[in-house]
Amino acid sequence: MLGSVRAAPSADSMAGTDPGAAPRRAPFEPLSRQPLRRAGRAPPRPPYLWRAEAEEGGAGCEMALPRLLRLLPRALTPLAGALARPGCGRALHRAAPALVPAAPDFNSFVTRTNTCGELRSAHVGQEVTLYGWIQYQRQGLFLVLRDFQGLTQIIIPQDEAHSHVKKLLSNAPVESVVRVTGIVSPRPPGQENPKMPTGDIEVKAETAEILNSCKKLPFEIKDFIKKSEALRMQYRYLDLRSFPLQYNLRLRSQMVMRMREYLCNLHGFVDVETPTLFKRTPGGAKEFLVPSREVGKFYSLPQSPQQFKQLLMVGGLDRYFQVARCYRDEGSRPDRQPEFTQIDIEMSFVDQAGIQRLIEGLLQYSWPEERGCITTPFPSMTYEEALADYGTDKPDTRFGMKIVDISDFLRRSDIQFVQNALSYPHGTVKAICIPQGVRYFKNKDLESLKESAKSQFNQEIMEIICRPDGSLKSLLTKFLGEEQQSELIQALNMQVDDVVLLAAGEHKQVCSALGSLRLESADLLEAAGLVLRDPTTFHFLWVVDFPLFLPKEDNPAELESAHHPFTAPHPSDTSLLYSDPTKVRSQHYDLVLNGSEVGGGSIRIHSAEQQHFVLEKVLKEDSEVLSHLLEALEFGAPPHGGIALARTGSLYCMPRGLGQRGLDRLISLIVDAPSIRDVIAFPKSFRGRDLMGNAPDYVTPEELEPYHIQVSWPLAEKEAKQN
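Everything numeric in this text was worked out from a predicted model, so none of it was measured.

Q: Is there a simple way to explain the overall build of the chain in this structure?
A: Counting secondary structure elements, the chain contains 21 helices and 25 strands. A buried classification covers 49% of the 723 residues belonging to the chain. Surface exposure of the chain reaches about 36,000 Å², of which carbon and sulfur atoms provide 53%.

Q: Honestly, the packing of helix 6 (residues 243-267) against helix 19 (residues 663-670) in this entry has me stumped. Any pointers?
A: In a packed pair of helices, the relevant descriptors are the angle between the two axes and the axis-to-axis distance. Across the interface, helix 6 lies against helix 19 with an axial gap of 11 Å and an inter-helix angle of 120 degrees. One finds that helix 6 runs oblique with respect to helix 19. As helix 6 packs across helix 19, the resulting crossing turns out to be right-handed. Only Leu 663, Asp 664, Leu 666, Ile 667 and Ile 670 of helix 19 make contact with helix 6, whose side of the interface consists of Asn 248, Leu 251, Arg 252, Met 255, Val 256 and Met 259. Of the residues belonging to the contact of helix 6 with helix 19, the class tally is eight nonpolar, one polar and two charged.

Q: Can you walk me through the sheet that holds strand 13 (residues 339-348) in this structure?
A: The pairing of strands in a sheet happens through backbone hydrogen bonds and is either parallel or antiparallel. The eight strands are arranged 9-12-13-25-24-23-20-14 in an open sheet whose pairing can be described as mixed. Strand pairing shows two members of the sheet lacking a second neighbour, strand 9 (270-271) and strand 14 (380-382), which therefore form its edges. Pairing of strand 9 with strand 12 (residues 319-327), which is carried by two bridges, proceeds in the parallel orientation. Its bridge partner lying in strand 12, Asp 271 is registered against Phe 321. This element, helix 8 (residues 352-366), spans strand 13, strand 20 (540-544), strand 23 (588-593), strand 24 (596-603) and strand 25 (640-645) of the sheet and lies at about 30 degrees to strand 25. Packing of helix 9 (residues 383-390) onto the sheet brings it into contact with strand 14 and strand 20, and relative to strand 14 it is tilted by some 85 degrees.

Q: Just checking my understanding: could you explain the packing of helix 9 against helix 15 (residues 507-527) for this structure?
A: Interaxial distance between helix 9 and helix 15 falls to 7 Å at its minimum, and their mutual angle equals 60 degrees. Between helix 9 and helix 15, the angle is such that the two are oblique. Between helix 9 and helix 15, the contacting residues are Tyr 383, Glu 384, Leu 387, Ala 388 and Tyr 390 on the first element and His 507, Lys 508, Cys 511, Ser 512, Gly 515 and Arg 518 on the second. Considered class by class, the residues forming the contact of helix 9 with helix 15 number five nonpolar, three polar and three charged.

Q: Where do I start with the sheet that holds strand 16 (residues 427-434) in this structure?
A: Spatially, 15-16-19-17-18 is the arrangement adopted by the five strands of the open sheet, whose pairing is antiparallel. Each having just a single partner strand, strand 15 (404-405) and strand 18 (472-473) make up the two edges of the open sheet. With eight bridges connecting them, strand 16 and strand 19 (residues 499-506) associate as antiparallel partners. What sits directly across from Cys 433, in strand 19, is Val 500.

Q: What is the right way to read the state of the cysteines from this model?
A: One way to say it: the disulfide is the covalent bond shared by the sulfur atoms of two cysteines. Applying the stated criterion across every chain, the model contains zero disulfides. Distance from the sulfur of Cys 433, which forms no disulfide, to the nearest cysteine sulfur (Cys 466) is 8.4 Å. Take Cys 433: its relative accessible area is 15%, and that puts it in the buried class.

Q: Before we go on, may I ask you to explain the packing of aromatic side chains in this structure?
A: Working definition: an aromatic ring pair is given by the centre-to-centre distance plus the angle between the planes. Counted according to the given criterion, the structure contains twelve aromatic pairs. One aromatic cluster is present, formed by Trp 367, Phe 378, Phe 538 and Phe 540 through successive ring pairs. Between the NZ or CZ atom of Arg 293 and the centre of the ring of Tyr 707, over which it lies, the distance is 5.4 Å. The ring of Phe 399 is capped by Arg 518, whose NZ or CZ atom sits 3.8 Å from the centre of that ring.

Q: Which parts of the structure should I look at to understand helix 6?
A: Look at helix 6: 35 Å from first C-alpha to last across 25 residues, which is about the 36 Å you get at 1.5 Å a residue. Residue Gly 268 follows helix 6 closely and has a positive phi angle near 70 degrees.

Q: For this particular structure, what's the right way to read the side chain of Arg 518?
A: By the secondary structure assignment, Arg 518 is in helix 15. Salt bridges are absent for the buried Arg 518, whose nearest opposite-charge side chain, Asp 396, sits at 5.9 Å. Within the structure, the side chain of Arg 518 is placed 2.9 Å from the backbone oxygen of Asp 396, a separation counted as a polar contact. If sequence neighbours within four positions are ignored, Arg 518 has contacts with Tyr 390, Asp 396, Phe 399, Gly 400, Met 401, Lys 402 and Ile 432.

Q: Looking at this structure, I do not really get the nonpolar core. What am I missing?
A: Side chains of nonpolar character tend, in soluble globular proteins, to be buried together. With 52 residues, the main nonpolar core has Ile 345, Ile 359, Leu 363, Phe 540 and Leu 591 as its most contacted residues. Counting residues per element, this core draws most heavily on helix 6, which supplies seven residues. For Ile 359, the residues in contact, after removing those within four places along its chain, are Ile 345, Trp 542, Leu 591, Ile 643 and Leu 645. Counting 23 residues, the second largest nonpolar core, distinct from the first, contains Ile 406, Ile 415, Leu 472 and Leu 480.

Q: I tried to follow the pattern of salt bridges on my own but got confused; where do I start?
A: A pair can form between side chains of opposite charge whenever their charged atoms are brought close. Inspection of every chain in the model, using the stated rule, returns 32 salt bridges. Of the charged contacts, one joins Arg 411 and Asp 408 as a salt bridge, the two residues approaching to 3.6 Å between their closest N and O atoms. Given a relative accessible area of 42%, Arg 411 falls into the partly exposed group. The partner of Lys 454 in a salt bridge is Glu 460, and the shortest N-O contact between them spans 3.1 Å.

About the thresholds
- Residues numbered from 1 in each chain as written.
- Predicted model: local features only at pLDDT ≥ 70, side-chain atom pairs only at ≥ 80, totals over all residues.
- Heavy atoms only, no water.
- Helix = DSSP H or I, 4+ residues; strand = E, 2+ residues; numbered from the N terminus.
- Buried < 20%, exposed > 50% of the residue type's maximum accessible area, 1.4 Å probe, protein only.
- Areas by Shrake-Rupley, 256 points an atom, 1.4 Å probe, with all protein chains shown as cover.
- Axes fitted to C-alpha atoms, helices over the stretch in contact; angles between N-to-C directions.
- Parallel < 35°, antiparallel > 145°, perpendicular 65-115°, else oblique.
- Left-handed = near helix turned anticlockwise from the far one by under 90°.
- Contact = heavy atoms within 4.5 Å.
- Nonpolar A, V, L, I, M, F, W, Y, C, P; charged D, E, K, R; others polar.
- Pairing = 2+ DSSP bridges.
- Disulfide = S-S within 2.5 Å.
- Phe/Tyr/Trp six-rings, centres within 6.5 Å; stacked < 30°, edge-to-face > 60°.
- Lys NZ or Arg CZ within 6 Å of the ring centre and 35° of its normal.
- Expected span 1.5 Å × (residues − 1).
- Lys, Arg positive; Asp, Glu negative; His and termini not counted.
- Salt bridge = Lys/Arg side-chain N within 4 Å of Asp/Glu carboxyl O.
- Polar contact = N/O pair within 3.5 Å; in protein donor to acceptor, adjacent residues only side chain to side chain.
- Core = buried A, V, L, I, M, F, W, Y, C linked by side-chain atoms within 4.5 Å.

Here it is as structure tokens:
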């Protein structure tokens, strides 16, 4: 039941400034007085008035936005040059004028005086007005009020004069929205809560109002209460009240804002919105189709702005970026989303190294301070090195257990299956060493690993165990003398209780199988209590020199693009494009973070003749569907390249083995979220459904008529729909 109780306001209610509050920073102060918390980073800019300190130490003066905008380019030019160089933190302090934005004011334009997370001992004695949700209420004595920033304990008055306030707050259901006005008081000695930022104070309520009562909840809004994901998504608006989701979405917003600052303000990029409705393109991942009123004609929702950003370079924009919404109809896939976000970037007259420096600077500038520092430049390895050492093109370099090639050592042995494997052109024998595997693995774990390699890669695995006395236990030992066993222990750097998994066969198959077993073994070790992959450390890695083409899975005699058909060949391999395209490396690069791809891009083909050759002669595709792009390349297209942070495939095709990446994936890694759905406000289920709004949904035949579409219902669905 809604109600309102208001006492007469005190004489000094809402009067003047807050004497006990922490002193406000001037919106602009010299860097010598108020340094940035980290080089190259600044708090969000306020929307209107700023304060500027004269460059020679003069008095501050307030300037309105128009004048500020006129001064901004002059101020940012030295900043951009400083940030582009190594050691930009020191250069920033030398180059920046005295411009430091103010901290955000969460209480501007609203009727509250404070948020529920900001009151401290300095506020004692002040009258405050808080708005929020009732988190907890105990026996009519006190309640805990929650908003986006934190919690505040509210003392319910017990005296007769405030009996109506007591009745109102005591009977209010949990999660009701209330307004409380009261006096900030210190908590009694011994009742402080050091786990709460506001744990030293409480607010003694004087007036209160229930703004909206809450009916019975489908689940409790508490972080430690486990809820099924389906229930969380059905009531997403309630789940959003939790602190983890609030934190994730706000951190995401801050990172995107800093990315915009870095790209637009410091490096002159142009934010361009590209069309959402485009045409269908062949091959690869499925695109969502949108009917039009023209008979038989459909739009398609783009999987990325790939073609548009290249056309913008032809149009002379030079530097483009977009926080782009992208779409992919992949059906039922775990931890995938049919719509996702990527930071899309394209530049003219750039090479691979330039793109890499840009992204390293972008991430360093936008990186959350509470997640520690990241070091640039990021290390780099070739695709072949990643496959040989880690069995994947997205290696997790936080832990060891690298793949070791023991082909040369075993070539001298009489082991038949080894000799058979080495007799093939790309035959190899490789192994991984699992530290303390005997201690942490059970027999069923080893059998599960071997079965996994067999079922996924058709690869047989043989284990070798190092006993406490240093001898080896394996089927191989009867073919190896003591000296050879000792050499094998040394080659694999085996210790007591280590387990080695050995595979022999074709190079790529062996590496892929061992790379998968390496990750599965890490999962098993961590489940048993051994920490290998620290979620608070961030290991970035560039993977370069991918093959330009790969054999098709369904027809190995034909080729498909490893990335997309607009990727340029490596300059050293251009001649091979016309003689032996299977050996051509590409100018494609992937950015990997902790074993997940968070970005990918390439230098593009800017020659219409070369692009036509790739489409028609190498890929055997009809180039007519891309005639607009091919024609554009004939009108003086500049050399250009780009990247998507993070990218999920391409507009043209979905390369084999390329999973969904996206800004969602990057943020989920930063906050160590178990699912990308925990960093998206309104995600879809793994089946692509919106459980809250029940989408997709049926439409009537009358609604389909303008689009010249009829639905042919399967009998079972037709009966279900009628019922």
